[in-house]
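What the coordinates show
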Amino acid sequence: APARTPLIAGNWKMNMDHREAVTLVQRLAWLLQDAGHEQEHVEAAVFPPFTDLRAVQTLVTGDRIELAYGAQDLSPEDSGAYTGDVSGAFLNSLGCAYAIVGHSERRTIHGEDDALVARKAAAALRHGLAPVVCVGEGLEVRQAGRHVEHTVEQLRGSLAGLSAEDAARIVVAYEPVWAIGTGEVASAGDAQEMCAALRAEVARIHGDDVAAGMRLLYGGSVKSSSAPELLAQPDVDGALVGGASLDADEFARIVRFDA
Ligand code: PEP
């Protein structure tokens, strides 16, 4: 199987203004550099609010910091009369490598459905950004034992219309809604079960090579204490980290999960 570089992605959500972002990235960069971090070995990425991206770009580029960054969302459109939306073209010109699409907070609070998520994923790809496509079941669905079929179905809908070539550039994040921001992390076995099922679905649609190369992340209350066991699972290729990514020391420990 092709080697998949683990991706540790920090989703800051609506936290940190552009000055706080600079302080956090400087501390993170210092910690990672001090630990001999290499992006080729484990890729670290941060997802600040839109308003921080220019500051992060200036810092990362100017100081040649080994850190990728991306946006938490993007418009499905390229430009025009879409007040308040942000184009993938603008994110690309700010040096973003990624854009999260379909985070459960967007799906719940903003009513985003799989069809819109698929359009956002396509927009990201059009603009040279790798979409981090989030899927995951709520508590009732898991309690009813339908979590695998539900989440696989969500992935199918969220990737609708993508070519195999496009699919080869995406990242998928399995984020059970009951584990996000709750302190209740999925067991390593649950994360592995779902990531294996998602990879099998990608193989069914786009073939074994695309599936074998795709990075599948787990997200939901990941901390440095839980990261090593989660990331040791054969189909878990990284983590999407919310709360714990706001603390540079803790996030750096997660990035160094295999040290
Ligand atoms: C997230 O928002 O993607 C997330 C996983 O949050 P937390 O780590 O805080 O549960």
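Since this is a predicted model, take the numbers as computed values, not measurements.

It is worth spelling out the overall build of the protein at this point. Per the secondary structure count, the protein includes 12 helices and 8 strands. Radius of gyration (C-alpha) of the protein: 17 Å, near the 18 Å computed for a compact globule of 259 residues. The dimensions of the protein, computed from C-alpha atoms along their principal axes, are 45 × 45 × 35 Å. Residues classed as buried in the protein amount to 47% of the 259 residues present. The long-range fraction of contacts in the protein, counting pairs at least 24 apart against all pairs at least 6 apart in sequence, stands at 73%.

With respect to spatial proximity, 13 residues lie near the ligand, and among them Ile180, Gly219, Ser221, Gly242 and Gly243 are the closest. For the shell around the ligand, the class distribution of residues is 5 nonpolar, 7 polar and 1 charged.

As a further point, take the nonpolar core. Counting 80 residues, the largest nonpolar core has Ala121, Val133, Val172 and Ala239 as the members making the most contacts within it. The greatest single-element share of this core, amounting to 7 residues, is contributed by helix α5 (residues 114–126). Beyond its immediate stretch of four places on either side in the chain, Ala121 contacts Val101, Pro131, Val133, Ser158, Leu159, Leu162 and Ile170.

Moving on, we come to the packing of helix α1 (residues 18–34) against helix α12 (residues 248–255). α12 packs onto α1 with a crossing angle of 40 degrees between their chain directions and a minimal axis gap of 9 Å. One element, α1, and the other, α12, form an angle in the oblique class. With respect to the hand of their crossing, α1 and α12 are arranged in right-handed fashion. Residue-level inspection shows Leu24, Arg27, Leu28, Leu31 and Leu32 of α1 in contact with α12, the latter providing Ala248, Asp249, Phe251, Ala252 and Val255. A breakdown of the residues in the contact of α1 with α12 according to their chemical character gives 8 nonpolar, no polar and 2 charged.

One non-glycine residue, Met16, lies in positive phi territory at about 80 degrees. Within the secondary structure, Met16 sits in the loop between β1 (7–11) and α1. Non-glycine residue Arg64 carries a positive phi angle of around 45 degrees. Checked against the element boundaries, Arg64 lands in the loop between α2 (53–62) and β3 (68–71).

Examined against the element boundaries, Leu24 turns out to sit in helix α1. Along the sequence, Leu24 and Asp247 sit 223 residues apart, while their C-alpha atoms lie 7.7 Å from each other. When sequence neighbours within four positions are dropped, the list of residues in contact with Leu24 reads Met16 and Ala248.

Let us look at α1. Since the α-helix advances by 3.6 residues per turn, residues separated by three or four positions end up pointing in the same direction. Its 17 residues place the ends of α1 24 Å apart at the C-alpha level, agreeing with the 24 Å of an ideal helix rising 1.5 Å per residue. Of the residues making up α1, those classed as buried are Ala21, Leu24, Val25, Leu28, Ala29 and Leu32. Down the axis of α1, the sector holding all buried residues measures 130 degrees, keeping them to one side. In this structure, α1 carries Arg19, Thr23 and Asp34 as exposed residues pointing more than 90 degrees from its buried face. On its buried side, α1 packs onto β2 (43–47), α2 and α12.

Ordered in space as β1-β2-β3-β4-β5-β6-β7-β8, the 8 strands form a closed barrel in which the pairing is parallel. Strand-to-strand twist across the sheet, computed as the mean angle between neighbouring axes with direction ignored, equals 25 degrees. Two strands pair when backbone bridges link them, and strand β7 (residues 215–219) and strand β8 (residues 238–241) are joined in this way by 2 bridges, in the parallel orientation. Within the sheet, the bridge partner assigned to Gly219 lies in β8 and is Leu240.

About the criteria used
- Residues numbered from 1 in each chain as written.
- Predicted model: local features only at pLDDT ≥ 70, side-chain atom pairs only at ≥ 80, totals over all residues.
- Helix = DSSP H or I, 4+ residues; strand = E, 2+ residues; numbered from the N terminus.
- Rg over C-alpha atoms; globule rule 2.2 N^0.38 Å.
- Buried ≥ 20, exposed ≤ 12 C-beta atoms within 10 Å, placed from the backbone.
- Contact = placed C-beta atoms within 7 Å.
- Near = placed C-beta within 6 Å.
- Nonpolar A, V, L, I, M, F, W, Y, C, P; charged D, E, K, R; others polar.
- Core = buried A, V, L, I, M, F, W, Y, C linked by C-beta atoms within 7 Å.
- Axes fitted to C-alpha atoms, helices over the stretch in contact; angles between N-to-C directions.
- Parallel < 35°, antiparallel > 145°, perpendicular 65-115°, else oblique.
- Left-handed = near helix turned anticlockwise from the far one by under 90°.
- Expected span 1.5 Å × (residues − 1).
- Arc of directions from axis to C-beta.
- Pairing = 2+ DSSP bridges.

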